[in-house]
Amino acid sequence: MTVEEITPQAALALIEQGAMLVDIRDPDEYAREHIPAARLLPLGKIEQGVTLTANDDTVIIFHCQSGNRTRNNLNRLIAAAAPAQIKLLAGGIEAWRQVGLATAVDKSQPLPLMRQVQIAAGVLILLGVVLGYSLSSAFFLLSAFVGAGLTFAGVTGFCGMARLLAVMPWNRRSSTNGV
């Protein structure tokens, strides 16, 4: 099956003709910002076997943040949407926004969890270095600990910091528009 990557303008034209736009990002990313016509079907749900109801005439456009997740998971998306005509939004929601098309933004929603992890890890590493140079070299262990945790998360797929941040009060999620 040939899958075409299309521009945001071409996607908008197809959506206006009845195509289905499916956002495969995580619920926290969707809650913070999404394309108004998009339905949420997180990649994790697709990996668990959730599929879309479609026929040969259905056009389904998948998108993510930058286009990488959709391209990297193309076989899963094809399986989830068969036998529909599948297209990918080139550049994802970032490209959509760059050409001036509208997105629904809810700044009251927390930042996506992975961005929170990046911010927290960066702050802790920087703090360890600053305190290590200014107070005691023992503080360098904080940076080493965070670095080891990030390495462990990359190798195993388990991120303790993400799990901890996920239960913080500011990460209470509101309902989302799922498929």
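Heads up: these notes are all about the structure in this document. Remember, predicted model here, so these are calculated numbers, not experimental data.

Conventions adopted
Residues numbered from 1 in each chain as written. Predicted model: local features only at pLDDT ≥ 70, side-chain atom pairs only at ≥ 80, totals over all residues. Heavy atoms only, no water. Buried < 20%, exposed > 50% of the residue type's maximum accessible area, 1.4 Å probe, protein only. Helix = DSSP H or I, 4+ residues; strand = E, 2+ residues; numbered from the N terminus. Pairing = 2+ DSSP bridges. Salt bridge = Lys/Arg side-chain N within 4 Å of Asp/Glu carboxyl O. Axes fitted to C-alpha atoms, helices over the stretch in contact; angles between N-to-C directions. Phe/Tyr/Trp six-rings, centres within 6.5 Å; stacked < 30°, edge-to-face > 60°.

All right, on to the pairing of strand β6 (residues 85-89) then. For β6, the tally of buried residues reaches four of five residues, placing the bulk of the element in the interior. For strand β1 (residues 4-6) and β6, the ladder comprises three bridges, and the chain directions are parallel. Note that in β6 the partner of glutamate 4 across the bridge is lysine 87.

Pairing is possible between side chains that carry opposite charge, provided their charged atoms lie close to one another. Per the counting criterion, the structure on display carries six salt bridges. As a salt-bridge pair, glutamate 4 and lysine 87 come within 3.1 Å of each other at their nearest N and O atoms. One end of the pair, glutamate 4, is in strand β1; the other, lysine 87, is in strand β6, with 83 residues separating them in the sequence. Between glutamate 5 and arginine 71 there is a salt bridge, and its shortest N-O distance comes to 3.5 Å. One end of the pair, glutamate 5, is in strand β1; the other, arginine 71, is in helix α4 (residues 68-72), with 66 residues separating them in the sequence. Among the residues examined, arginine 71 registers a relative accessible area of 36% and is labelled partly exposed.

A word on the sheet that holds strand β4 (residues 38-40). Spatial strand order, β1-β6-β5-β2-β4: five strands in an open sheet with parallel pairing. Each edge of the open sheet is held by one strand with a lone partner, namely β1 and β4. For this sheet, the mean inter-axis angle between neighbouring strands, taken without regard to orientation, is 35°. Inspection of the sheet shows strand β5 (residues 59-63) paired to β6 by four bridges, in the parallel sense. Counterpart to phenylalanine 62 in the pairing with β6 is leucine 88.

Looking now at the packing of aromatic side chains. Geometrically, a pair of aromatic rings is defined through the distance of the ring centres and the angle of the planes. Tallied over the full model, the rule gives one aromatic pair. Relative to phenylalanine 140, the ring of tyrosine 133 has its centre 5.1 Å away and its plane inclined at 85°; by these criteria the two rings are edge-to-face.

Coordinates in, geometry out; function isn't part of it.
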